[in-house]
Amino acid sequence: MTAAALVAMLLFPFPAPAQTATFTPRDESPEEFAAGAGREETFYACTACHNFKLVAAQGLSRAGWEDSINLMIRRHNMPPLDGKDREVVLNYLETAYPPRAPAARGGWQNPFGKQ
């Protein structure tokens, strides 16, 4: 046995477990978030890929929400929201999670917002 093989066996004695691409959302329910028309539709559209607290923390303008949805469709294979479904989601997000006032020096800033 070569020295390299022995080192490899000592450093990596077991095969690495296979990684899965499955997302398991944590326990959340639509009722935990701002009430309004479209809450459930928006909750379930978003939590197919990530938790809803990520969404609720954003605080974007309607144009910002549009950009965010378009980015997720383009880069993350989100199923497109079309027509009425898109309007329902955008109306809810715009109303329930509008932009926040800019934070004073060093305060909260949306990491996904345009700088």
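The structure this text deals with has already been given above.
Residues numbered from 1 in each chain as written. Predicted model: local features only at pLDDT ≥ 70, side-chain atom pairs only at ≥ 80, totals over all residues. Heavy atoms only, no water.

Asker: Explain the packing of aromatic side chains to me, please; I cannot follow it from the model alone.
Answerer: Here a ring pair, both rings aromatic, is described through the centre-centre distance and the interplanar angle of the planes. Applying the stated criterion across every chain yields a total of 6 aromatic pairs. A centroid spacing of 6.0 Å and a plane angle of 75° characterise the contact between Tyr92 and Tyr97, whose relative ring orientation is edge-to-face. For the pair Tyr92 and Tyr97, a shared accessibility class is recorded, and that class is buried. Members of the aromatic cluster, joined through ring pairs, are Phe33, Phe43, Tyr44, Phe52, Tyr92 and Tyr97. (Phe/Tyr/Trp six-rings, centres within 6.5 Å; stacked < 30°, edge-to-face > 60°. Buried < 20%, exposed > 50% of the residue type's maximum accessible area, 1.4 Å probe, protein only.)

Asker: Can you help me understand the nonpolar core in this one?
Answerer: Side chains that are nonpolar tend, in soluble globular proteins, to be buried together. In terms of nonpolar packing, the biggest core is built from 16 residues, with Phe52, Trp65, Tyr92, Leu93 and Tyr97 touching the most fellow members. Elements that contribute at least two residues to this core include exactly α2 (39-46), α3 (52-56), α4 (62-76) and α5 (83-96). With 5 residues, the single largest contributor to this core is α5. Once residues within four sequence positions are removed from consideration, Tyr92 is found in contact with Phe33, Ala34, Ala35, Gly36, Ala37, Gly38, Arg39, Thr42, Phe52 and Tyr97. (Core = buried A, V, L, I, M, F, W, Y, C linked by side-chain atoms within 4.5 Å. Helix = DSSP H or I, 4+ residues; strand = E, 2+ residues; numbered from the N terminus. Contact = heavy atoms within 4.5 Å.)

Asker: Help me understand α5, please; the structure alone is not making it clear to me.
Answerer: Given 3.6 residues per helical turn, the α-helix brings residues three or four places apart onto the same face. Taking 1.5 Å as the rise per residue, α5 with 14 residues should run 20 Å; its terminal C-alpha atoms sit 20 Å apart, in good agreement. Three or more residues of α5 are buried, namely Arg86, Val89, Leu90, Tyr92, Leu93 and Ala96. Down the axis of α5, the buried side of the element spans an arc of 160°, and every buried residue falls inside it. Opposite its buried face, α5 presents the exposed residues Gly83, Lys84 and Thr95, each directed more than 90 degrees away. On its buried face, α5 is in contact with α2, α3 and α4. (Expected span 1.5 Å × (residues − 1). Arc of directions from axis to C-beta.)

Asker: Could you clarify how one ought to interpret the pattern of salt bridges in this entry?
Answerer: For side chains of opposite charge, pairing can occur when their charged atoms come near one another. Following the criterion strictly, the structure yields 3 salt bridges and no others. Here Arg62 and Glu87 are joined by a salt bridge, their closest N and O atoms 3.0 Å apart. With Arg62 in helix α4 and Glu87 in helix α5, this residue pair connects regions lying 25 residues apart in the sequence. Given the relative accessible area of 22%, Arg62 is considered partly exposed. For Glu66, the salt bridge goes to Arg86, with nearest N and O atoms at 2.7 Å. Residue Glu66 is located in helix α4, and its partner Arg86 is located in helix α5; the two are separated by 20 residues in the primary sequence. When its relative accessible area of 14% is taken as the criterion, Arg86 is described as buried. In this structure, a network of salt bridges that share partners links the residues Arg62, Glu87 and Glu94. (Salt bridge = Lys/Arg side-chain N within 4 Å of Asp/Glu carboxyl O.)

Asker: What's the story with the environment of Ala56 in this structure? I'm lost.
Answerer: Tracing the backbone shows Ala56 in helix α3. Each C-alpha atom of the pair Ala56 and Ala34 lies 8.6 Å from the other, and the pair is 22 residues apart in sequence. Those residues in contact with Ala56 that lie beyond four places of it in its chain are Phe33, Tyr97 and Arg100.

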